[in-house]
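Single-letter residue listing:
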Amino acid sequence: MGKQVWRAVVAGGAVAVFTAVAAAPAGAAEGGVSFTRVQVNGGKPIVIGVSKEVAVPASFRMATTHKWKWPAVFLYRSGPGDRLWHAIETSDCNKVSSGVCDFNETMYFDPSVWDMHNSEAGAWKVGAEVRFEGDGSDFDDKGLTVYVKRNSRLTVNASPEPVSKNKTITVTGKVTRANWETRKYASYGGRQVSLQFKPAGTASYTTVKKVYANGSGDLRTTVKASKTGTWRWAYYGNTTTGPSMSSGDNVVVK
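In this report, we go over the structure that sits alongside the text. Computed from a prediction, not measured in an experiment: that's the story for all the values here.

1. Quick word on the pattern of salt bridges
Right, on to step 1. One pass over the structure, following the stated rule, counts five salt bridges.
Right, on to step 2. The closest approach of N and O atoms between R183 and D115, which form a salt bridge, is 3.5 Å. With R183 in the loop between β14 (167-179) and β15 (184-187) and D115 in the loop between β10 (100-109) and β11 (122-132), the pair connects residues that are 68 residues apart, well separated along the chain.
Right, on to step 3. One salt bridge in this structure joins R131 and E129, with 4.0 Å as the shortest N-O distance.
Right, on to step 4. Judged by relative accessible area, R131 falls into the partly exposed class, the value being 24%.
Right, on to step 5. Here the salt bridges do not stand alone but share partners, grouping R83, E129 and R131 into one network.

Printed below as a string of structure tokens:
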């Protein structure tokens, strides 16, 4: 078997791209198939922005005596027909023993091409499926959960620069989140964000205080500047939104 791109092949070999929920596969489950060693993105969340394609690695082992066309693992919610349907590519069979194959897979999520909905952010189940030669298929729920998240962004500005020792500086910024439906970043208000500081000559940041963004996603706080160093904002995300760090803004203390 060659590499398979899991979309829909129509007459003439053209590829029909699914942009929403796909219909449940035709044919009753055949059974006689087991899927093991299933992994998706190393167990980490899948974080997607508004324009760049995200390639998500997956792998699994399939054992069956049936003649099959192609297998894959995928993400779904209420049932095998309610899946997060994007492009999926599976490798050739890496033979382990008679009737047992290991597969590598890549799920491709491209928000600039696929019609993504903000409601798709959150928890998804992992399923495995194989289509058999002739007709029929087998579907297994693997008891795994993968979170698909909207990317977030942070900006920062600390002023005045430079500043006299122990004088007050104001640190501002903004937290935004990917809107998959408009394909733009929008204000993400009400988020708790950490203000962090890294003294000059050191390698790590320390959280100084936590601040809530206003309804427009704007951040603003004041701190005393005791030493030269770099300030940044850090947001740790939630079940629908990925974490982010702003760039650092260096302030020289005289």
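There's plenty left to go through after this.
2. Comments concerning the nonpolar core
Right, on to step 1. With 37 residues, the main nonpolar core has V40, I46, L75 and F109 as its most contacted residues.
Right, on to step 2. Those elements that place two or more of their residues in this core are β4 (33-40), β5 (46-48), β6 (54-64), β7 (68-76), β8 (87-90), β10, β11 and β12 (137-150).
Right, on to step 3. A per-element tally of this core places β7 first, with six residues.
Right, on to step 4. F109 has contacts with I46, I48, K52, E53, V54, V56, L75, L84 and H86, leaving out every residue within four places of it along the chain.
Right, on to step 5. Judged by nonpolar contacts, the second largest core, of 21 residues, contains Y188, L195, A213 and W231.

3. Structural notes on the state of the cysteines
Right, on to step 1. As enumerated under the stated definition, the model contains one disulfide in all.
Right, on to step 2. What pairs with C93 in a disulfide is C101, and their sulfur atoms sit 2.0 Å apart. In this structure the cystine formed by C93 and C101 twists about its S-S bond by roughly -80 degrees; its chirality is therefore left-handed.

4. Brief notes about the packing of aromatic side chains
Right, on to step 1. Under the counting rule described, the total for this entry stands at eight aromatic pairs.
Right, on to step 2. Ring geometry for F60 versus F103: centroids 5.1 Å apart, planes at 20 degrees, classification stacked. Placement of the pair is F60 in strand β6 and F103 in strand β10, with a sequence separation of 43 residues. F103 matches F60 in its accessibility class, with the two residues each being buried.
Right, on to step 3. Each ring, one from W68 and one from F103, has its centre 5.6 Å from the other, and the planes form 80 degrees; the classification is edge-to-face. Of this pair, W68 sits in strand β7 while F103 sits in strand β10; the two residues are 35 residues apart in sequence, bridging distant segments of the chain.
Right, on to step 4. Take F103: its relative accessible area is 2%, and that puts it in the buried class.
Right, on to step 5. Ring pairs connect the aromatic residues F35, F60, W68 and F103, which therefore count as one cluster.
Right, on to step 6. The cationic tip of R153 hangs over the ring face of Y185; the distance from NZ or CZ to the ring centre is 3.9 Å.
Right, on to step 7. In this structure, R191 packs its charged tip against the face of Y188, placed 4.2 Å from the ring centre.

Parameters at a glance
- Residues numbered from 1 in each chain as written.
- Predicted model: local features only at pLDDT ≥ 70, side-chain atom pairs only at ≥ 80, totals over all residues.
- Heavy atoms only, no water.
- Salt bridge = Lys/Arg side-chain N within 4 Å of Asp/Glu carboxyl O.
- Helix = DSSP H or I, 4+ residues; strand = E, 2+ residues; numbered from the N terminus.
- Buried < 20%, exposed > 50% of the residue type's maximum accessible area, 1.4 Å probe, protein only.
- Core = buried A, V, L, I, M, F, W, Y, C linked by side-chain atoms within 4.5 Å.
- Contact = heavy atoms within 4.5 Å.
- Disulfide = S-S within 2.5 Å.
- Phe/Tyr/Trp six-rings, centres within 6.5 Å; stacked < 30°, edge-to-face > 60°.
- Lys NZ or Arg CZ within 6 Å of the ring centre and 35° of its normal.

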